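Survey of secondary and tertiary structure
The residues making up each chain are set out below.
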Amino acid sequence: MESLVNLDFYRGKRVLVTGHTGFKGSWLIFWLYRLGAKVCGYALPPATSPALYDCIGGGELCSSRIGDVADFGRLRQVFDEFRPEIVIHLAAQAIVREGYRAPRETYLSNVMGTVNLLECVRLSEGVRSVLNVTTDKVYENKEWEWGYRETDVLDGYDPYSNSKSCSELVTHSYRNSFLNERGVAVSTARAGNVIGGGDFSADRILPDCLRAAAAGREIVVRNPFSVRPYQHVLEPLYAYLLIAAAQYEDPVKAGYYNVGPNEDDCRCTGALADIFVGAWGEGARWVNKHDGGPHEAGFLKLDCSKIKKALGWRPRWHLDRAVEKTVEWEKCRLRGGDVRACMEKQISEFMSR
């Protein structure tokens, strides 16, 4: 079954993307720019150096506004000036270990940031579609071997995961209390672990692999036996575009959606490192060095039956292809190539399958 949504929908649409300076946000504004949307981005400055946003000249792709989602006044000003039709909320503190280091700041960003965004939607005219992107870690993790469904209990363990569970509840309340009666379609998307070119974050397996391999160092893998639903960044972004467009045209499509790979791509971290070593070549190798860090879930899968049935979404690239495309992008960057052209090519390949 093919998707029920044509992405030509976005041509001329006014789309506000929070977190546009981050990894996923930069890929998203590039894709929206390519689709002919009128895009406004709202986020803090890029958190890493280098950053994908800078590599692609992100300021040329959208009207960029710098600010914190915790700053309600500034965010409200952007809503009033831009008057979006569609809002895709990516801005968040997105690292599990950083949540342990700075729990208060994590809750401020991920919970009150969501409150501020939805309050701006409530007070604005013209918004028709809102998507809040959370995480697959929102569920109470019982380490079972089958995938979590959207109806399972929300209760993330650590501050990052729990703050995203709270963000889901905030969204549910605003949707029921205010936005349904206003005709604003609201969904959340619970995505798995994403990989792809341009992720320079700390404490993520593929960025750690890329940094070590590029420097000729052995790759340190902290938890080689933990199972995660890894997917290329284009997979969830495609789902977000489908959800936001589908519910804009038919509010019945609004809801809560898992977005993850098929079961055969829910692999342990050590297997991902093996695939990376093969794709990179040049004598790359990894070692198991558990560092005794804070609790992280050992086993996590998603059941994505709902989005497949409702919107015709399907994963397009298996994990080996996702890693291959991540390496392709990074080697293009390292040799001084045109990373925008590389991204254009990868999106075209992804959409053509």
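Here's a quick rundown of the structure.

Rules behind the numbers
- Throughout this document, residue positions are counted from 1 along each chain, in the order its sequence is written.
- In keeping with the predicted nature of the model, local features appear solely for residues at pLDDT of at least 70, side-chain atom pairs appear and are counted solely at 80 or more, and the whole-chain, interface and lining totals rest on all residues.
- The basis for every side-chain value is the complete set of heavy atoms in the structure, and neither hydrogens nor water enter the calculation.
- Helix and strand labels come from DSSP, where a helix needs a run of H or I of at least four residues and a strand needs a run of E of at least two; each type is numbered from the N terminus.
- Radius of gyration: over C-alpha atoms. The globule rule applied is 2.2 Å multiplied by the number of residues raised to the 0.38 power.
- For every residue, the accessible area obtained with a 1.4 Å probe (protein chains only) is divided by the maximum for its type, and the residue is called buried under 20%, exposed over 50%, and partly exposed between those limits.
- Residues are treated as being in contact if the distance between any of their heavy atoms lies within 4.5 Å.
- Any Lys or Arg side-chain nitrogen located within 4 Å of an Asp or Glu carboxyl oxygen qualifies as a salt bridge.
- Only buried Ala, Val, Leu, Ile, Met, Phe, Trp, Tyr and Cys residues count toward a nonpolar core, and they belong to the same one when joined by side-chain atoms within 4.5 Å.
- Two N or O atoms count as a polar contact when they lie within 3.5 Å, although within protein this holds only if one can serve as hydrogen donor and the other as acceptor, and sequence-adjacent residues are included solely when both atoms are side-chain atoms.
- Multiplying 1.5 Å by the residue count of a helix minus one yields the expected span of that helix.
- Strands pair, by our definition, only if DSSP identifies at least two bridges between them.
- A clockwise path from the first strand over the helix to the second, with the strands pointing away from the viewer, defines a right-handed crossover.
- Axis lines are fitted through C-alpha atoms, for helices just across the contact stretch, and the angle between N-to-C directions can take any value from 0 to 180 degrees.
- Note on terminology: angles under 35 degrees are roughly parallel, angles over 145 are roughly antiparallel, angles of 65 to 115 are roughly perpendicular, and the others are oblique.
- By the definition used in this description, the sense in which the near helix is turned from the far one sets the handedness, with an anticlockwise turn below a right angle giving left-handed and a clockwise turn giving right-handed.

1. Description of the overall build of the protein
Secondary structure assignment for the protein yields twelve helices and 13 strands. Here the C-alpha radius of gyration of the protein, 19 Å, is about what a compact globule of 353 residues would show, namely 20 Å. With respect to the principal axes defined by its C-alpha atoms, the protein has extents near 60 × 45 × 40 Å. Buried positions account for 58% of the 353 residues belonging to the protein. Look at the contacts in the protein between residues 6 or more apart in sequence, and 81% of them connect residues 24 or more apart.

2. Structural notes on the pattern of salt bridges
Evaluated as defined, the whole model comprises 23 salt bridges. A salt bridge links R285 to E218, with the shortest nitrogen-to-oxygen separation between them at 2.8 Å. Highlighted residues: R285 in the loop between helix 9 (269–280) and strand 13 (286–288) and E218 in the loop between helix 7 (205–215) and strand 8 (219–221), separated in sequence by 67 residues. For E218, a relative accessible area of 29% gives the class partly exposed.

3. Regarding the nonpolar core
Membership of the largest hydrophobic core comes to 64 residues, with the highest contact counts inside it found for Y10, W27, W31, L32, I88 and I307. At twelve residues, the largest contribution of residues to this core is made by helix 8 (residues 234–249). Contact partners of Y10, with chain neighbours within four places excluded, come to V15, L32, L35, G36, A37, I86, Y240, L241, A244 and A245.

4. Here we look at the side chain of S167
Summarising the element assignment, S167 is placed in helix 6 (residues 159–179). Relative accessible area serves as the criterion here: at 1%, S167 is assigned to the buried category. Separated by 2.9 Å, the side chains of S167 and N132 make a polar contact. When residues no more than four places from it in sequence are discounted, the contact partners of S167 are N110, T114, N132 and T134.

5. Points about the side chain of T269
Tracing the backbone through its elements, the reader meets T269 in helix 9. On the accessibility criterion, T269 (7% relative accessible area) is buried. Within the local environment of T269, its side chain forms a polar contact with the backbone oxygen of N223, the two atoms lying 3.3 Å apart. Setting aside its immediate chain neighbours within four residues, T269 contacts I205, V221, N223, P224, S226 and Y230.

6. So, helix 9
Helix length check: helix 9, at twelve residues, gives a terminal C-alpha distance of 16 Å against a target of 16 Å (1.5 Å per residue), a fit within 8%. With nine of its twelve residues buried, helix 9 lies for the most part within the structure. When helix 9 is considered as a whole, its buried residues turn out to be T269, G270, A271, L272, A273, I275, F276, V277 and W280. Against the buried residues of helix 9 lie helix 7, strand 8, strand 12 (266–268), strand 13 and helix 11 (319–334). Among the residues trailing helix 9, G281 stands out with phi positive, at a value near 70 degrees.

7. With respect to the pairing of strand 1 (residues 14–18)
Within a regular strand, the side chains alternate between the two sheet faces. Of all five residues making up strand 1, four are buried, and the element is well covered by its neighbours. In this structure, strand 1 lies alongside strand 2 (residues 38–43), joined through five bridges in parallel fashion. The residue bridging T18 from the neighbouring strand is Y42, located in strand 2. Read as a crossover between parallel neighbours, the route from strand 1 over helix 1 (residues 23–35) to strand 2 is right-handed.

8. Some details on the packing of helix 1 against helix 8
Viewed as axis vectors pointing N to C, helix 1 and helix 8 meet at an angle of 55 degrees, and their least axial separation amounts to 10 Å. The pairing of helix 1 with helix 8 is recorded here as oblique in orientation. Helix 8 is crossed by helix 1, and the crossing has right-handed handedness. Where helix 1 abuts helix 8, its residues K24, W27, L28, W31, L32 and L35 lie against L234, L237, Y238, Y240 and L241.

9. Quick notes on the sheet that holds strand 2
The strand order across the open sheet formed by seven strands is 3-2-1-4-5-6-11, and the pairing between neighbours is parallel. In this open sheet, the two edge strands, each paired with only one partner strand, are strand 3 (63–66) and strand 11 (256–259). With strand direction ignored, the average angle separating the axes of adjacent strands in the sheet is 20 degrees. As judged from the four bridges shared by strand 4 (residues 86–89) and strand 5 (residues 129–133), these two strands associate in the parallel manner. Residue pairing across strands places I88 opposite L131, the latter belonging to strand 5. Where helix 6 meets the sheet, its contacts fall on strand 5, strand 6 (185–191) and strand 11, and the angle it forms with strand 6 comes to roughly 165 degrees.

10. A look at the environment of D338
One can find D338 in the loop between helix 11 and helix 12 (339–352). A distance of 3.0 Å separates a polar side-chain atom of D338 from the backbone nitrogen of A341.

11. A few points about helix 7
Every buried residue belonging to helix 7 is among I205, L206, P207, C209, L210, A212 and A213, and all of these are buried. In this structure, the buried side of helix 7 is in contact with strand 7 (194–195), strand 8, helix 9 and helix 11.

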